[in-house]
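# Descriptive structure summary
These are the residues of each chain, in order.
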Amino acid sequence: MIMLAMDRPPLPDRPILVVDDDAKIVRLVRTYLEREGYRVVTAADGPAALDAIETHQPALVVLDLMLPELDGRAVIRAVRRDEEAATTPILVLSARGTTLDRIAGLEDGADDYLPKPFSPAELVVRVKAILRRAGGRPDPSPAPGTASLPEGPIHHNDLVLDPARHEVSISGRPIQLTHVEFRLLQALLEADGRVLTRDQLLDAVWGADQSEVLDRTIDVHVRRLRDKLGDDADTPRWVATVRGAGYRSAPPRELA
């Protein structure tokens, strides 16, 4: 089937950064991404990756973990600590493909994880999905129990989530979330107190591109989201756990 130009997700203004010390992998990834019309810049080690992120402000980083001088996990942590670069989507592409490795990468702040050896075509699909989410484009099939994207901000207790601006604040203080964390919080708030299972949250955040995403991924991102919100799992203000079922937004409270 021929895809019409209007059906293609818009290309980002900024390039995609590919970070790997294997020149063959870099050429392969670059070739497939450029065939889709993306601009690509590259780096071969950790320090060069951080320099490229600062210089080019990439729309997405495709990142190997086993890098010279500064490994990929350290790069992820450095990016997530940087106020300007913190929301940059990161797709890990690594030979470290065990469940523990994937969870560790997600806990560090990666948005997605694709183990080597990999299918270049799948890589392209995942890149498109991440960029679609980062651009605020709704997935074609929203999760059961969730509403369509609202036009205005969502208020819950003293938290405000603005989908149009991709901003979250608590009592007026901005909170820096990754795109995955933002989508996860948005899905929970839109459900308006209804319990969402891990599968429903996977659908809401990753859509149809979740074939390799683990159920525990949701738990990892919820934990990171709570840390950033300053939320307490035992007495939650925003994200509540329903044991054996999933997660929901915490009941509203009277503000002092």
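Our subject is the structure listed above.
These figures come from a predicted structure and were not determined experimentally.

### A word on the overall build of the protein
Within the protein, the secondary structure is distributed over eight helices and 11 strands. By the burial criterion, 50% of the 256 residues in the protein qualify as buried. For the protein, the exposed surface amounts to about 12700 Å²; the carbon and sulfur share of it is 50%.

### Thoughts on helix H4 (residues 99-108)
Among the residues of H4, Arg 102, Ile 103, Ala 104, Gly 105, Leu 106 and Asp 108 are the ones counted as buried. Following H4 by one or two positions, Gly 109 has its phi on the positive side, about 130 degrees.

### Structural notes on the sheet that holds strand E1 (residues 16-19)
Pairing is parallel in the open sheet, where five strands are placed in the order E2-E1-E3-E4-E5. What marks the edges here is a single partner per strand, and that holds for strand E2 (40-43) and strand E5 (112-115). Averaged over all pairs of adjacent strands, the angle between strand axes in this sheet comes to 20 degrees, irrespective of strand direction. In terms of strand pairing, E1 meets strand E3 (residues 60-63) through four bridges, oriented parallel. Across the sheet, residue Leu 17 finds its bridge partner in E3, namely Val 61.

### Details of a negative patch on the surface
Side chains of Asp 51, Glu 54, Asp 82, Glu 83 and Glu 84 sit close together on the surface and give a patch of like negative charge. Relative to the helices and strands, Asp 82 resides in the loop between helix H3 (72-81) and strand E4 (90-94).

### Brief notes about the packing of helix H6 (residues 179-190) against helix H7 (residues 198-206)
At their nearest, the axes of H6 and H7 sit 9 Å apart, and the two run at 125 degrees to each other. In this view, H6 runs oblique relative to H7, as classed from their interaxial angle. At the point where H6 passes H7, the crossing takes the right-handed sense. On H7, the residues touching Val 180, Arg 183, Leu 184, Ala 187 and Leu 188 of H6 are Leu 201, Ala 204, Val 205 and Trp 206. A breakdown of the residues in the contact of H6 with H7 according to their chemical character gives eight nonpolar, no polar and one charged.

### Quick word on the packing of H3 against H4
At a minimum axis distance of 9 Å, the contact between H3 and H4 shows a crossing angle of 25 degrees. Here H3 is positioned roughly parallel relative to H4, judged by the angle of their axes. On H4, the residues touching Arg 73, Ile 76, Arg 77 and Arg 80 of H3 are Ala 104, Gly 105 and Asp 108. Residue composition of the contact of H3 with H4, by class: two nonpolar, one polar and four charged.

### Quick look at the environment of Val 26
Structurally, Val 26 can be placed in helix H1 (residues 23-35). In this structure, Val 26 is in contact with Val 18, Asp 20 and Thr 42, ignoring residues within four places of it in sequence.

### Thoughts on the packing of aromatic side chains
In total, this model carries zero aromatic pairs according to the counting rule given. The residue whose ring lies beneath Arg 35 is Tyr 32, and the NZ or CZ to ring-centre distance is 4.9 Å.

### Some remarks on the environment of Leu 177
Here Leu 177 lies in the loop between strand E9 (173-175) and H6. For Leu 177, a relative accessible area of 4% gives the class buried. It is 9.8 Å that separates the C-alpha atoms of Leu 177 and Thr 88, two residues lying 89 residues apart in sequence. Other than its neighbours up to four places away in sequence, Leu 177 contacts Thr 87, Val 168, Phe 182, Leu 185, Leu 225 and Lys 228.

### Considerations on the sheet that holds strand E6 (residues 154-156)
Spatial strand order, E6-E7-E8-E9: four strands in an open sheet with antiparallel pairing. Only two strands of the sheet have a single partner each, and these edge strands are E6 and E9. Averaged over all pairs of adjacent strands, the angle between their axes in this sheet comes to 25 degrees, without regard to strand direction. Where strand E8 (residues 167-170) meets E9, three bridges bridge the pair, whose relative direction is antiparallel. Bridge assignment links Val 168 to a residue of E9, and that residue is Ile 175. Where H6 meets the sheet, it contacts E6, strand E7 (159-162) and E8, and its direction lies at approximately 110 degrees from that of E7.

Parameters at a glance
Residues numbered from 1 in each chain as written. Predicted model: local features only at pLDDT ≥ 70, side-chain atom pairs only at ≥ 80, totals over all residues. Heavy atoms only, no water. Helix = DSSP H or I, 4+ residues; strand = E, 2+ residues; numbered from the N terminus. Buried < 20%, exposed > 50% of the residue type's maximum accessible area, 1.4 Å probe, protein only. Areas by Shrake-Rupley, 256 points an atom, 1.4 Å probe, with all protein chains shown as cover. Pairing = 2+ DSSP bridges. Axes fitted to C-alpha atoms, helices over the stretch in contact; angles between N-to-C directions. Patch = residues over 30% accessible without salt bridge, like charges linked within 9 Å, V, L, I, M, F, W, Y side chains within 5 Å. Salt bridge = Lys/Arg side-chain N within 4 Å of Asp/Glu carboxyl O. Lys, Arg positive; Asp, Glu negative; His and termini not counted. Charge placed at Lys NZ, Arg CZ, Asp CG, Glu CD. Parallel < 35°, antiparallel > 145°, perpendicular 65-115°, else oblique. Left-handed = near helix turned anticlockwise from the far one by under 90°. Contact = heavy atoms within 4.5 Å. Nonpolar A, V, L, I, M, F, W, Y, C, P; charged D, E, K, R; others polar. Phe/Tyr/Trp six-rings, centres within 6.5 Å; stacked < 30°, edge-to-face > 60°. Lys NZ or Arg CZ within 6 Å of the ring centre and 35° of its normal.

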